[in-house]
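Each chain, written out:
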Amino acid sequence: MNSEPDDPAIDRVPADLLETAACALSKNLCDHCLGRLFAKLGFGLGNEERGRALRVVLAMVGEREDESTPFISREILERLPVHKEDIQESGMEPAPDTPTSSWNEPSSPSFNRAWMEEVSEGGKCWLCEDVFHSLDELASVVLDEASRWEFSTFSVGCRMDPRTVEREQLLWQECGGVSPEPIKEELNREIGKRVFERLDGVEFDRADPDITFVLDPLYRSITCQVKPVFILGRYRKLVRGIPQTRWPCRHCRGKGCDRCGGTGRMYETSVEEQIGKHVVKILEGEDFKLHGMGREDVDVMTLGTGRPFILEVRRPRKRTFSPVDLEKVINEGSGEMVSVHSLRRASRKEVPLIKGAPSLKRYRALISSTSSLDEEKVKYNISLLAKSPIEQRTPVRVAHRRADKVRRKWVHEASVEVLSDGKAVIELLTDGGLYIKELLHGDGGRTEPSLSSLMEIPIEVETLDVMGVLFEDEMGTKEGVESHGKKVQGHNGKHQTDAQKEAQE
Ligand SMILES: [Zn+2]
Ligand SMILES: [Zn+2]
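Residues numbered from 1 in each chain as written. Chains lettered and ligands numbered in written order. Predicted model: local features only at pLDDT ≥ 70, side-chain atom pairs only at ≥ 80, totals over all residues.

A. Seen up close, the overall build of the chain. From N to C terminus, the chain includes 18 helices and 15 strands. By residue count, 36% of the 505 residues in the chain fall in the buried class. The contacts of the chain with a sequence gap of at least 6 include a subset with a gap of at least 24, amounting to 71%. (Helix = DSSP H or I, 4+ residues; strand = E, 2+ residues; numbered from the N terminus. Buried ≥ 20, exposed ≤ 12 C-beta atoms within 10 Å, placed from the backbone. Contact = placed C-beta atoms within 7 Å.)

Right, here's the structure in full:
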């Protein structure tokens, strides 16, 4: 079946494809690196098969005794291992003579062996330095690391030696690949395939894997990028005097100094630590971060249904957990300060939703005044607060770190009970981002109206507690919020969103 010069099948093989392949073989390339120059041709083929096929075709075409393929030089022809004399000279077994049998079994062992040995005879592949011979070993490096992590989706990424990438680009420039694929992509895929075959119950996922193994094929070193675990729930802060998140010492920025007694922190603990320390231990993570739906002041408790939060656990070795068990561990370990409920697994996408979600907040404040608090008068004036928008200029106490501007917020529900000692308990449902202490004492006129300005008496806020942060199903649709007493549509959009950034302090 040696081709006649006018064999139409041969004439149809595009010359540019063969020319590129011949050009590439002016360097010593392995089949992977040769085939990769044509990676989009031949659906379902691997690059190694492409490379091998091109070598066969070049050998066949090159044996024609005519001038139609001047680009196949003697040197290149000698590099094609299917060339009979070469194989006989090198003492290798010749490829099966019957073309039918070799085409039916393109990867018969004798065919392959002769080939690979010949390719590497003149040294390693110029481009990849024979890295494709080590795919199984490289996969083992990944599998070894993989055994230390729990994951259900993964991907593999190779960190290439810049010199390899440079050689590849040089090859593209010189010979012009028809549809070349970068070496990195083939390596990622081939190693990923081998890892996948040897692991049970995991999926290959390039877009958003639990873990990405980053391999250096040259040095066989490996690192991994691990997706954090996110847990959504609600917390109640049962004590005053701890901040929501860790707060490094202002003077030493966490290093430890005399002011903070060497602890590096402003407060002994935080809601974040009281929740995170248990979870990070169970999931064997390296660190954690709490994302709250707003935050309360250090001296404010959060009671009632609590405040939604997402705990992010970084670089967790384990990813599965029982929300019920987790809740129990946290509440048993930290329950005197912080308790949690309604835990569930969340995703990274939910973090901005939590942080930016429009919300309504319930508060309970204990107030007192140097003037007397007449129950009827307080009731009447507090009902006025729920009837008009509150124009609130950034409070003095936070002005050093928040833009000074006037925000318009609403009070949706308000009630009062005057106690026998002359103090009063006020309960409020308000937009998120309304500063409640200022709503009551007036902040020297910066919040208008305030309970103090309406009653024309000084008001002191003795304690303030968050009784719940309402969002999603509790708020329902915008219309649904009406059931909380006041239509909020129309001032529920933008203001509510930056409400969260400027959450109640
Ligand atoms: Zn190669
Ligand atoms: Zn310090």
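B. Representation of the sheet that holds strand 1 (residues 153-158) within the structure. Pairing is mixed across the open sheet formed by four strands, whose spatial order is 2-1-3-4. The open sheet terminates on both sides in strands that have one partner only, identified here as strand 2 (203-204) and strand 4 (221-226). Sheet analysis places strand 1 next to strand 3 (residues 211-216), joined by five bridges and oriented parallel. Bridge pairing in strand 3 places Gly157 opposite Val214. With respect to the sheet, helix 9 (residues 135-146) is in contact with strand 1, strand 3 and strand 4, its orientation differing from that of strand 3 by roughly 140°. Against the sheet, helix 11 (residues 183-197) engages strand 1, strand 2 and strand 3, with an angle of about 140° to strand 1. (Pairing = 2+ DSSP bridges. Axes fitted to C-alpha atoms, helices over the stretch in contact; angles between N-to-C directions.)

C. Structural view of the environment of Leu218. As for its position among the elements, Leu218 is in the loop between strand 3 and strand 4. Overall, the presence of 14 C-beta atoms within 10 Å leaves Leu218 in the partly exposed class.

D. Summary view of the environment of Leu419. Topologically, Leu419 is positioned in the loop between strand 12 (411-418) and strand 13 (424-431). Each C-alpha atom of the pair Leu419 and Glu375 lies 9.1 Å from the other, and the pair is 44 residues apart in sequence. Look past the residues within four positions of Leu419 in its chain and what remains in contact with it is Ala424 and Val425.

E. Spatial organisation of the pairing of strand 1. Of all six residues in strand 1, five are buried, a share of seventy percent or more. Of the pairings in the sheet, the one linking strand 1 to strand 2 comprises two bridges and is parallel in character. Residue pairing in the sheet places Phe154 in a bridge with Phe204 of strand 2.

F. Representation of helix 9 in the model. For helix 9, spanning twelve residues, the distance from its first C-alpha to its last is 16 Å, which sits close to the expected 16 Å at 1.5 Å a residue. Leu138, Ala139, Val142 and Ala146 are the residues of helix 9 that are buried. Viewed end-on, helix 9 has its buried residues packed into an arc of 100°, placing them on one side of the element. For helix 9, the exposed residues lying more than 90 degrees away from the buried face are Asp136 and Asp144. Contact partners of the buried residues in helix 9: strand 1, helix 11, strand 3 and strand 4. (Expected span 1.5 Å × (residues − 1). Arc of directions from axis to C-beta.)

G. Representation of the nonpolar core within the structure. With 55 residues, the main nonpolar core has Ile231, Ile275, Val279, Leu311, Ile426, Ile436 and Leu440 as its most contacted residues. It is strand 7 (residues 301-314) that contributes the most residues to this core, five residues altogether. Here this core gathers at least three residues from each of two domains, domain 3 (229-356) and domain 4 (360-501). The next biggest cluster of nonpolar side chains, apart from the first, holds 36 residues, and it includes Val131, Ile183, Leu187 and Val195. (Core = buried A, V, L, I, M, F, W, Y, C linked by C-beta atoms within 7 Å. Domains from an automatic or database assignment.)

H. Highlighting the sheet that holds strand 10 (residues 390-393). One open sheet accounts for three strands, arranged 11-10-14; its pairing is antiparallel. In the strand order of this sheet, the two ends are held by strand 11 (406-409) and strand 14 (447-448), each with one partner.

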